[in-house]
Amino acid sequence: MTFGERMKELLGQGVAATKDIASKAGEQAQIWGEKGYQASKDFLKQAGVKAQNLGEQGVLKLEIKKLEGRAQSLMGRLGAEVYSRFVEAGAASVAADDQDIAALIGEISAIRENIEKREADLQMRRESQGG
């Protein structure tokens, strides 16, 4: 075999080895790309769930604050009604079954139940989120 033929053969082997390496590198790059894509997809899904959960928690907190404000207002009205009965009307006592008093107490109790439900829901969401 001449030197030229030998060099052609070696070059041919080098090209074949390079093609093989390039092919394997391409396959590996594709595998890594697929893994990266899946990891990104999973991350975005988890981030979306977390953002939604945080948004829902924020809504619950806002609803609780509004309900607390409403309850405070009703308690003020209840106090004013009791004061009016004692001082302005000269009543010796006030009964919880009085129509106006009972209505206010009923509203306050319903709000308290709503607040407790929302607080339980909020706590459940916090615990399911791990914090």
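Relevant structure appears above.
Summary of the structure given here. (Residues numbered from 1 in each chain as written. Predicted model: local features only at pLDDT ≥ 70, side-chain atom pairs only at ≥ 80, totals over all residues. Heavy atoms only, no water.)

**What to know about the overall build of the chain**
Argument step 1. The helix and strand tally for the chain stands at two helices and zero strands.
Argument step 2. Its C-alpha atoms put the chain at 130 × 20 × 20 Å along the principal axes.
Argument step 3. Burial status across the chain gives 11% buried among its 131 residues.
Argument step 4. The long-range fraction of contacts in the chain, counting pairs at least 24 apart against all pairs at least 6 apart in sequence, stands at 66%.
Argument step 5. Mean positive and mean negative side-chain charge positions of the chain (19 and 20 charges, respectively) differ by 9 Å. (Helix = DSSP H or I, 4+ residues; strand = E, 2+ residues; numbered from the N terminus. Buried < 20%, exposed > 50% of the residue type's maximum accessible area, 1.4 Å probe, protein only. Contact = heavy atoms within 4.5 Å. Lys, Arg positive; Asp, Glu negative; His and termini not counted. Charge placed at Lys NZ, Arg CZ, Asp CG, Glu CD.)

**Observations concerning a nonpolar patch on the surface**
Argument step 1. A cluster of nonpolar side chains, namely Y83, F86 and V87, defines an oily patch on the protein surface of about 300 Å² accessible area.
Argument step 2. Within the secondary structure, Y83 sits in helix 1 (residues 3–88). (Patch = residues over 30% accessible without salt bridge, like charges linked within 9 Å, V, L, I, M, F, W, Y side chains within 5 Å. Areas by Shrake-Rupley, 256 points an atom, 1.4 Å probe, with all protein chains shown as cover. Salt bridge = Lys/Arg side-chain N within 4 Å of Asp/Glu carboxyl O.)

**Considerations on the nonpolar core**
Argument step 1. Ranked by size, the top nonpolar core spans twelve residues in total: L60, I64, L67, A71, L74, L78, I101, L104, I108, I111, I115 and L122.
Argument step 2. When contributions to this core are tallied by element, the ones reaching two or more residues are helix 1 and helix 2 (99–129). (Core = buried A, V, L, I, M, F, W, Y, C linked by side-chain atoms within 4.5 Å.)

**Some remarks on helix 2**
Argument step 1. A rise of 1.5 Å per residue sets the reference length of helix 2, with its 31 residues, at 45 Å; its end C-alpha atoms lie 45 Å apart and thus fit the reference within 8%.
Argument step 2. Looking at helix 2, one finds that the buried residues are I101, L104, I108, I111, I115 and L122.
Argument step 3. For helix 2, the N-terminal capping position is held by D98, with its side-chain oxygen 3.2 Å away from the main-chain nitrogen of D100.
Argument step 4. Just downstream of helix 2 lies G130, where phi reads positive at about 90°. (Expected span 1.5 Å × (residues − 1). Polar contact = N/O pair within 3.5 Å; in protein donor to acceptor, adjacent residues only side chain to side chain.)

**With respect to the environment of R125**
Argument step 1. Mapped onto the secondary structure, R125 falls in helix 2.
Argument step 2. A sequence separation of 73 residues divides R125 from Q52, and the C-alpha atoms of the two residues are 11 Å apart.
Argument step 3. Among the polar contacts made by the side chain of R125, one reaches the side chain of E56 at a distance of 2.4 Å.

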